[in-house]
2 protein chains.
Amino acid sequence: MRQSMMFSPTLREVPSDAEVRSHQLLLRAGFMRQNASGIYSFLPLGLKVLQKVEGIIREEMENAGAMELLMPALQPAELWQESGRWYSYGPELMRMNDRHSREFALGATHEEVITALVRDEVKSYKKLPLTLYQIQTKFRDEKRPRFGLLRGREFLMKDAYSFHSSRESLDEVYNKMYEAYSNVFRRCGLNFRAVIADAGAIGGKGTHEFMILSDIGEDTIAYSDTSDYAANVEMAEVVATYEKSSEAMKELEKVATPNQKSIDEVAAFLQMEETSCIKSMVFQVDDKFVLVLVRGNHEVNDVKVKNLYGASVVELASPEDVQRLMNCTFGSLGPIGVSDELEIIADHAVAAIVNGSCGANEEGYHYVNVNPGRDFTVSQYADLRFIEEGDPSPDGQGTIKFALGIEAGHIFKLGTRYSEAMDATYLDENGKTQPLIMGCYGIGVSRVVAAIAEQFNDESGLLWPSAVAPFHVHVIPVNVKTDIQREKAEYIYQSLKKQGIDTLLDDRPERAGVKFADSDLFGIPVRVTVGKKAEEGIVEVKVRATGESEEVHIEGLYEYITNILQ
Amino acid sequence: MRQSMMFSPTLREVPSDAEVRSHQLLLRAGFMRQNASGIYSFLPLGLKVLQKVEGIIREEMENAGAMELLMPALQPAELWQESGRWYSYGPELMRMNDRHSREFALGATHEEVITALVRDEVKSYKKLPLTLYQIQTKFRDEKRPRFGLLRGREFLMKDAYSFHSSRESLDEVYNKMYEAYSNVFRRCGLNFRAVIADAGAIGGKGTHEFMILSDIGEDTIAYSDTSDYAANVEMAEVVATYEKSSEAMKELEKVATPNQKSIDEVAAFLQMEETSCIKSMVFQVDDKFVLVLVRGNHEVNDVKVKNLYGASVVELASPEDVQRLMNCTFGSLGPIGVSDELEIIADHAVAAIVNGSCGANEEGYHYVNVNPGRDFTVSQYADLRFIEEGDPSPDGQGTIKFALGIEAGHIFKLGTRYSEAMDATYLDENGKTQPLIMGCYGIGVSRVVAAIAEQFNDESGLLWPSAVAPFHVHVIPVNVKTDIQREKAEYIYQSLKKQGIDTLLDDRPERAGVKFADSDLFGIPVRVTVGKKAEEGIVEVKVRATGESEEVHIEGLYEYITNILQ
């Protein structure tokens, strides 16, 4: 393509409302423009990247046995009422009326539409399994759209849905999708992790999020430094073992700890390690109250408390409830002398404490020489704390590190959540009616574009990996008014194009400095500068990512460039 | 692709709510399903056709120098208020509020968005001309959605917009687009005409519609039987010459014509040819009244009356107005003795009438031996009638025939309609601010799919032209339980695929009759049946469109098939 005909308005200034690098650079390099809060136009260069990502996704979906279809954005409210989400989705679901006052949702996702479609057409186990996907525009009225394409209100998504007559079949397709998703993100050049996520009521290993590692990520990932284990920090299982000291138990003693509230204050006051302190917290688990104990340097993970009880809601008890139940405030809580009605559960680490300390349920006092089992009874020891950096990885390989991530993909075993609500059934081998078993699998396509930009940039602009770059090669004659430069540049442009290399020719009558600055902003992997040595048939080839450049004879250019791109 | 994994549910029955062939067959062959009135899902086969049409359009747009971008569906109301269309578009424009009660339109078209985008980025004549296009989902709340994809409420459109600093530049791009559109429809295999359409206030040859010829078309096209001249019937210029008889003028006479109202009644009663009768009609042209005369066998074309006066509104006068102005009813109108205040204009054919007849402006009476010029004064003779079949073509080649057409494309010289309203200007060579000159160019992509289906079908199903067929070849083993048939079919499938031919393998354990019926419905151009002679390496190749079949040896299959497909 000739740059003189391209619409890629670049900006020298950093747009004031763009907080993160990807947002700033995609605007500055003319890859996109904002139309309204969270709503963007992809300009030609941005669309090219988007289409390359789409292409990779299509290939991987086809390889995974998924077939592409295209469902509408306008979805009748009745479908969402059947699934119940019309009422539960909240204001993120955009709604409207047609000219006959019929209610519609603007598709935020397509579980309802696909379930209705398959329900009407698939009646027998013989037609299963079935996996369908689409690449389509989604609408979600985010409360705080931000970071450009990373959290928008209208965005492009790949969503896939699978239908099964058995859990085994779902597992099989789920695993294929796991591979396909890994391939997509790897081929996009991204540094990512597939992390175990919270499957809620479904439980088990029924869901993974694909996280692009980034300092601006909104989720914390716990990952192994040597294996591919990764989980959302809430979900990571702790398998640490705790050595119990052989020290003899001493006599329990109540000591005054005036004005010492937090664990570190108390530990310092008592001249103890935080690891010997017992932290006590009261949680409301659905409609009962539970006292949860962890070691002083650990944090209670309420998701684990919730999963232990299979509860719907777990939250910290209110100060009023704590006062009523324990007759004291948060800072003085402890497990000794607690009414039998309040169940005590503890993290495994607590069992290893010898001669520790805990609150005395009395303002300004703590117990020391506390020994679990002797001084109080724990009804159940379990993994109840957040994993920490340095903990052993739950898969037995390496130790845990933390990173921040941007969620770019999510695969999920839905089970019969939608098929039961919407009466989507099939006849099994015995002629018996069964609800369809479903999986769903999403990738934020436009979010992936931003995530790549976020991972690949430097102070001069973007640095696209070859597989998703808008062009592979940027040919720049230093001075288009010089016949020989213009002609050689044209020749290189034409011959590279003919050989199947996506090439952009900067044929604009601009100063060299402007052209180089634009080129750096665009982030095309290889730049071919046609300057004074063009007379001798020599041009400069520069690799955008490394900054390395070399003089190359035009005759050997194609080979030289394909080597770089591979 | 393997049919066992494909989602293409076929129907044996004709869906009761589908009126036209394309709608019936696209449903029956499992190319699409309805989600709501005028809203459809494209199933895998339908999407494949849609994507092939998209591919052709992209190629032709790139060749025409247009660059692809992607604009959003959600459009702030403010933009539509700037152009004024927020108020004038009516209920076809779908509107909604976001969670902050801000108003949005769901894009019915993108003139406002693109004008705002280019306005903010293009400031100088040096950046012009610029042509941008997108392939994107549009929303229009049709009052009566019908004919499936032909008139839907959510549909896929290619819309392009060009920006210029001169009319000449607009003309140049307009002509390129005319060529590109012709190429698109020709490559889709369609029988179409580029017709001159009504450009409204812009006038001249500023707009063409691309009409797919079809009996279910809603527009009448007048076209030449020997040249490529075509126009909307309202727009076709009449260049007929009328020979004036040399008969001597007779004396004007008023005769009683009791109860004879229509032209044919009067002509029969008076024993005259209709061609000698003068038909008189009163029109309101903006705020004045005009008496329009045409020959008895002709019809007044109000668009021509409108264009003659450059008027905004032209409509037939009300009975009350006629009574007040002429003191009679419609059936007795005539030009003789009319007040000077009422201007009389006439079609050229009227000038050639000698000793004709007309109404006497008196119930039950007509004049005979009427001679224009002698008996009444015509202020202006002009082309005021509808063209008719048999008229000479206005380009001087051949005679006019009529056909019905489906509008599938429209190219339009917008001029400064949007740039002036939205203050989209550039600086010209002299540093003077000028409004951008614009063109817009649309193709109904999903409508094209339906139009192809409407032109290419028979009683057994669809008949896709190769360029847009979902697959090129359908391989069908008669009995998949026979090892040799299954294996040979698999071999053919794999080798054709490897050679770049889109191939579908019917690997389902269905009866041969079911498979053949589905295959005919799908309309894949070439069918390869692997039957008993597979043992000898012989298969049957059938051309779907002609029904011709031949036995071919597997070794020569690729060559045989590529010959057919070309």
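Residues numbered from 1 in each chain as written. Chains lettered and ligands numbered in written order. Predicted model: local features only at pLDDT ≥ 70, side-chain atom pairs only at ≥ 80, totals over all residues. Heavy atoms only, no water.

Thoughts on the relation of the copies chain A and chain B
Here the second copy of the chain follows from the first by a rotation about an axis and a shift along it. Once turned by 180° and shifted 0.1 Å along the axis, chain A lies on chain B with an RMSD of 0.1 Å. Both copies are brought into coincidence by an operation consistent with a two-fold rotation axis. If distances are taken from each C-alpha of chain A to the rotation axis, the shortest is found for Met96 of chain A, at 2.7 Å. An overlap of 100% is found between the interface residues of chain A and their copies at the interface of chain B, pointing to a shared contact surface. (Least-squares fit on C-alpha atoms with pLDDT ≥ 70 in both. Contact = heavy atoms within 4.5 Å.)

Some points on helix H5 (residues 111–121) of chain B
Most of H5 of chain B is tucked away, with nine of its eleven residues classed as buried. Of all the residues in H5 of chain B, the buried ones are Glu111, Glu112, Val113, Ile114, Thr115, Ala116, Leu117, Val118 and Arg119 of chain B. (Buried < 20%, exposed > 50% of the residue type's maximum accessible area, 1.4 Å probe, protein only. Helix = DSSP H or I, 4+ residues; strand = E, 2+ residues; numbered from the N terminus.)

What about the packing of helix H1 (residues 21–28) of chain A against helix H12 (residues 445–455) of chain A?
Relative placement of two packed helices is described by the angle separating their axes and the distance separating the axes. Residue and element names in this part refer to chain A. Running from N to C, H1 and H12 cross one another at 100°; their axes reach a closest spacing of 8 Å. When the axes of H1 and H12 are compared, the pair comes out roughly perpendicular. Contacts between H1 and H12 involve Arg21, Ser22 and Leu26 from the former and Ala450, Ala453 and Glu454 from the latter. Its residues assigned to classes, the contact of H1 with H12 shows three nonpolar, one polar and two charged. (Axes fitted to C-alpha atoms, helices over the stretch in contact; angles between N-to-C directions. Parallel < 35°, antiparallel > 145°, perpendicular 65-115°, else oblique. Nonpolar A, V, L, I, M, F, W, Y, C, P; charged D, E, K, R; others polar.)

Focus: the sheet that holds strand E17 (residues 343–347) of chain B
Residue and element names in this part refer to chain B. In space, the five strands of this open sheet follow the order E16-E14-E15-E17-E20, with mixed pairing throughout. At either margin of the open sheet sits one strand with a lone partner, and together these are strand E16 (314–316) and strand E20 (380–382). Adjacent strand axes in the sheet meet at a mean angle of 35° when their direction is disregarded. Judged from the eight bridges that link them, strand E14 (residues 278–285) and strand E15 (residues 288–295) form a sheet pairing that is antiparallel. Directly across from Met281, in E15, lies its bridge partner Val292. (Pairing = 2+ DSSP bridges.)

Looking at unusual backbone geometry
Residues and elements named next belong to chain A. The omega torsion across Leu128 and Pro129 is -5°, close enough to zero to call that bond cis. Considering the arrangement of structural elements, one finds Pro129 in the loop between helix H5 (111–121) and strand E7 (130–139). A positive phi is found at Asn361, a non-glycine position, where the angle reads about 55°. Within the secondary structure, Asn361 sits in the loop between strand E18 (356–359) and strand E19 (365–370). For Asn361, a relative accessible area of 15% gives the class buried.

So, empty space enclosed by the protein
Residue and element names in this part refer to chain A. Scanning all chains against the criterion turns up one cavity of 30 Å³ or more. One number sums up the size of the largest cavity: a volume of about 30 Å³. Together, Ser519, Asp520, Ile524, Arg527, Lys542, Val543 and Arg544 line the largest cavity. Split by residue class, the lining of the largest cavity holds two nonpolar, one polar and four charged. (1 Å grid on protein atoms, 1.4 Å probe; cavity = no way out; pocket = protein on both sides within 12 Å on 5 of 7 lines; lining within 4 Å. Points joined across faces, edges and corners; volume = space filled by probe spheres on them.)

Focus: the packing of helix H2 (residues 44–63) of chain B against helix H12 (residues 445–455) of chain B
Residue and element names in this part refer to chain B. Viewed as axis vectors pointing N to C, H2 and H12 meet at an angle of 115°, and their least axial separation amounts to 9 Å. On the basis of their axis angle, the class for H2 and H12 is roughly perpendicular. Here H2 runs over H12; the crossing is right-handed. Residues Val49, Leu50, Val53, Glu54 and Ile57 of H2 form the contact with H12, whose own contacting residues are Val445, Ser446, Val448, Val449 and Ile452. Counted by class, the contact of H2 with H12 contains eight nonpolar, one polar and one charged residues. (Left-handed = near helix turned anticlockwise from the far one by under 90°.)

Details of the pairing of strand E24 (residues 437–444) of chain A
All names here are of chain A. Most of E24 sits out of view: eight of its eight residues are buried. Here E24 shows two buried faces, one formed by Ile437, Gly439, Tyr441 and Ile443 and the other by Met438, Cys440, Gly442 and Gly444. Pairing between strand E8 (residues 154–164) and E24: eight bridges, direction antiparallel. Paired with Asp159 across the strands is Gly442, a residue of E24. Bridge count for strand E21 (residues 400–415) against E24 is six bridges, and the pairing is antiparallel. Counterpart to His410 in the pairing with E24 is Gly442.

Concerning the packing of aromatic side chains
Residues and elements named next belong to chain A. If you walk through the whole model with that rule in mind, you get 16 aromatic pairs over all chains. Look at Tyr181 and Phe185: their rings are 6.3 Å apart centre to centre, the planes differ by 70°, and that puts the pair in the edge-to-face class. Taken together, the residues span about one helical turn, with Tyr181 and Phe185 both in helix H6 (residues 167–187) at a distance of four residues. Seen in terms of ring centroids, Tyr181 and Phe210 are 5.3 Å apart; in terms of plane orientation they differ by 50°. Their pairing is tilted. Here Phe210 lies in strand E10 (residues 207–213) and Tyr181 lies in helix H6, a separation of 29 residues in the sequence. Ring pairs connect the aromatic residues Tyr178, Tyr181, Phe185, Phe192 and Phe210, which therefore count as one cluster. (Phe/Tyr/Trp six-rings, centres within 6.5 Å; stacked < 30°, edge-to-face > 60°.)

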